[in-house]
Amino acid sequence: MHGLKKSFGSRVAVDGIGFAIARGEVYGLLGPNGAGKTTAISMIAGILARDAGEVSIDGIDIDAGPPARALVGIVPQSIALYTDLTARENLNFWGRMYDLSGERLRLAVESALSAVGLTPRADDIASTFSGGMQRRLNLACGILHQPKLLVLDEPTVGVDPQSRSAIFDLVERLRDSGTAILYTTHYMEEAERLCARIGIIDAGKIIVDGTRAELVAGLGQDARIEIGLGRGEGLTRAVSVVDRLEGVRSVQTLDDHIIVFADHGAHRLPALLSALLNASLVAESIKVVEPNLEDVFLHMTGRALRD
Amino acid sequence: MHHAWLICLKDLRQRLRDHTALIVAIVAPLALTALIGMSLSGSQGIRMRLGIADLDGTAVSHAFVEFVQRPWLKGIVVVQKIASRTAAQAAVERRDVDCAVVIDQGFGNAASDDKSKSIEILAVGNAQFALQATRALVQDFLQRVAANRVDQPPVASVTPRSPGGSLRMIDFFAASMTVLFLTFAVLSGVRALQAEVDSRTILRLIASPADPIAIVAGKFAALLLVGLTQMSVMIVATSLLFGTRWGNPLPLAALVATSVLMAIGLTAFLMSLAKNAEQGTAMAAIVISLLSIVGGHFLPPQGLPDIFETLARLTPNGQAFYGFVDLSAAGRNGSIVTIAQPLLFTGVVGVAGSVFAAFRARSALQRIT
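Residues numbered from 1 in each chain as written. Chains lettered and ligands numbered in written order. Predicted model: local features only at pLDDT ≥ 70, side-chain atom pairs only at ≥ 80, totals over all residues.

**Regarding the overall build of chain A**
Secondary structure summary: chain A contains 11 helices and 15 strands in total. Counting every position in chain A, which comprises 307 residues, the buried fraction comes to 44%. Summarising the internal contacts of chain A: among those between residues at least 6 apart in sequence, 70% fall at separations of at least 24. (Helix = DSSP H or I, 4+ residues; strand = E, 2+ residues; numbered from the N terminus. Buried ≥ 20, exposed ≤ 12 C-beta atoms within 10 Å, placed from the backbone. Contact = placed C-beta atoms within 7 Å.)

Here it is in structure tokens:
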């Protein structure tokens, strides 16, 4: 897909984004709330009309009609189930909507139920399921017709560890079977575990993308230093003091901490503490952290992923 | 159409699984029809004792007596002949009759000479029903005298406002409860549609290979079938259980169709104004309850000032309901023309409400994507 654009009135929600996902690859799309993730996903899945850009799967334009749409499976962020129907009835319905019937439908339903571990509860009404089980059924509805591209919009929000682990395993199995997967999440550890490549989207644009190693290397630093100072005006003064020090690339605030990105971070620690003391600022806590995707995200967007 | 059919079947399955909706659609209106109809008048309809003091004694005054004793009014208007005005007044005051008319000497000659003619009506203050009914009969007669067509059959359109006409309480309440609960039955389907937007399953539908038109058609077909089934079951059940007369089948079918459309349009409109299914259901329930009061579902029109019926006919449910009442009262003489206004009114409300809701739904979808 490339050049995707969408505006709502004067507000530009997605501004010319594009990326490719290979067969058997999981691509993570990370961004703060309101960054344009869901709008982008909606266009990719054919739910929302694009203002510009193209989406194709195996060379087939997503607008080419029902056969093209059948190549995509979507798992919305919210649990999109008919909770007054059983798990099997939900799956039968969605299977038929994707033109499965007869033995093919029966096998697909059994396979999907088995994949998400719901075979024993197949004939129970979905409203009697726990949140985690509903999430798994939500996922099963999206993979039932074996799509070429699977779009997962934060599929693990609010699930128990057991269901989360089951979802991870399933995503990895689908990846290994050759499904291209577009995965959005608020959980950095999910992105680090599952996604071969990651794009960070903010204000409707993909501001950086690459493998985890490429993104971290792009920070040009080997550590970040978190210094707890307590709330109040001290934070602002600390940023001002630290920002002037040699080797400091950037300083940000997060809650009652300042976060310092510096070359050879651990070696800069004595100079940092000395400067703060000279400014009558006392560190309540100090933490040196190896850079990870969270740092990349924070560095690129100025916000933590949970914001 | 394959996808539309799948969506329709799925929606119907969900409706059938909703026991509350089944109770609202069928059980509650049947029970209320039986309770209210039977408790007010059993199945015998309305009876009025009418005293007539014929002081004129001409062919024209005899014609009035025959007019109110036609087979059509048998058992509804019970005539007692009275000798004088004084006796008529006394009979009214003693409640020996519900109302009395005095036909003065010269009435027949005045009619023959095409002069102004009138019939005096006597009633006590609280006999509003009898007074209105008698007035309607007298006016009808005088109009016929003026047109020299006393022997012609009654005109269907005035029947509902006549003293019971051929409309019985059970017919009135069968139509009333059917229309009232039709809106509630359809509301449960519209609520499910709103819930589909709230739960985002609508996104899955849009992302599926189904054509958007098939999605709309499937949803609409399910609502239509729910409404048509509810009305059909009610019509058959009340006919079998209570002997309710619904009138000529062909115009009846047309009015059933536009009434269901009206219920869909009305509830979809109300639901589309809400933020979510819960709020929409609560709001629609309040508005429908208010409309049911203004629409006259609990008040038979006979004996009430015309303003009640006028107000009722300003509401879409009132239009549908009075359409059924008119059709029932007209019996075999009922036609599309008899219910032209209700047909048009309910049809327009149905289409307008549905179109408005469709536009609102489109905006809602844009918000959630």
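Continuing now.
**Topic: helix H5 (residues 131–143) of chain A**
Compared with an ideal rise of 1.5 Å per residue, which puts 13 residues at 18 Å, H5 of chain A spans 19 Å between its outermost C-alpha atoms and is within 8% of the ideal. Those residues of H5 of chain A not exposed but buried are Met133, Gln134, Arg135, Arg136, Leu137, Asn138, Leu139, Ala140, Cys141, Gly142 and Ile143 of chain A. Those residues of H5 of chain A that are buried are in contact with strand E7 (72–75), helix H3 (87–97), helix H4 (102–115), strand E8 (149–153) and helix H6 (161–176) of chain A together with helix H8 (201–207) of chain B. (Expected span 1.5 Å × (residues − 1).)

**A word on the sheet that holds strand E2 (residues 11–17) of chain A**
All names here are of chain A. The antiparallel open sheet is built from 3 strands, whose spatial order is E2-E1-E4. The sheet is open, and its two edges are formed by E2 and strand E4 (52–54), each paired on a single side. Strand-to-strand twist in this sheet, taken as the mean axis angle between neighbours without regard to direction, amounts to 20°. Direction of pairing for strand E1 (residues 2–8) relative to E4: antiparallel, over a ladder of 2 bridges. Of the residues in E4, the one forming a bridge with lysine 5 is alanine 52. The strands touched by helix H1 (residues 37–44) are E1 and E2; relative to E2, the strand with the most contacts, the crossing angle is about 60°. (Pairing = 2+ DSSP bridges. Axes fitted to C-alpha atoms, helices over the stretch in contact; angles between N-to-C directions.)

**Here we look at the confidence of the model for chain B**
Residues and elements named next belong to chain B. The share of residues in chain B with pLDDT of 70 or more is 83%, and the mean pLDDT across the chain is 79. Counted against residues more than four places away or in other chains, residues 152–166, with its pLDDT under 50, gives 43 contacts. For this predicted complex, the interface score ipTM comes out at 0.76, while the overall pTM is 0.69. (pLDDT = per-residue confidence, 0-100.)

**Focus on the pairing of strand E1 (residues 48–54) of chain B**
Residue and element names in this part refer to chain B. Here E1 lies mainly inside the structure; 6 of its 7 residues are buried. The pairing of E1 with strand E2 (residues 77–82) spans 6 bridges and is classified as parallel. The residue of E2 that forms the bridge with isoleucine 52 is lysine 81. Sheet analysis places E1 next to strand E3 (residues 99–103), joined by 5 bridges and oriented parallel. Bridging across to E3, glycine 51 finds its partner in alanine 100.

**Focus on the packing of helix H7 (residues 169–198) of chain B against helix H10 (residues 249–272) of chain B**
Residue and element names in this part refer to chain B. The geometry of H7 relative to H10 is characterised by a closest axis approach of 8 Å and an angle of 50° between their N-to-C directions. Here H10 runs oblique to H7, going by the angle between their axes. Once H7 is placed against H10, the crossing between them reads as right-handed. From H7, Val179, Leu182, Thr183, Val186, Leu187, Val190, Arg191 and Gln194 reach across to H10, where they touch Ser259, Val260, Ala263, Ile264, Leu266, Thr267, Ala268 and Met271. Across the contact of H7 with H10, the residue classes tally to 11 nonpolar, 4 polar and 1 charged. (Parallel < 35°, antiparallel > 145°, perpendicular 65-115°, else oblique. Left-handed = near helix turned anticlockwise from the far one by under 90°. Nonpolar A, V, L, I, M, F, W, Y, C, P; charged D, E, K, R; others polar.)

**Some details on unusual backbone geometry**
In this structure, aspartate 58 of chain A is a non-glycine residue whose phi angle is positive, near 55°. By C-beta crowding, aspartate 58 of chain A is classed as exposed, having 10 other C-beta atoms within 10 Å. Look at arginine 95 of chain B: it is not a glycine, yet its phi comes out positive at around 65°. If you trace the backbone, arginine 95 of chain B turns up in the loop between helix H4 (85–93) and E3. Note on arginine 95 of chain B: 10 C-beta atoms within 10 Å, which makes it exposed.

**Notes on the environment of leucine 344 of chain B**
Within the element layout of this structure, leucine 344 of chain B appears in helix H14 (residues 340–368). It is 9.5 Å that separates the C-alpha atoms of leucine 344 of chain B and glutamine 319 of chain B, two residues lying 25 residues apart in sequence.

**Some points on the nonpolar core**
In this structure, Ala140, Leu144, Val151, Ile181, Leu182 and Val260 of chain A together with Val186 of chain B are the most contacted members of the largest nonpolar core, which totals 155 residues. Here this core takes 19 residues from H7 of chain B, the largest share from any one element. Judged by nonpolar contacts, the second largest core, of 28 residues, contains Ile52, Cys99, Ala100 and Leu122 of chain B. (Core = buried A, V, L, I, M, F, W, Y, C linked by C-beta atoms within 7 Å.)

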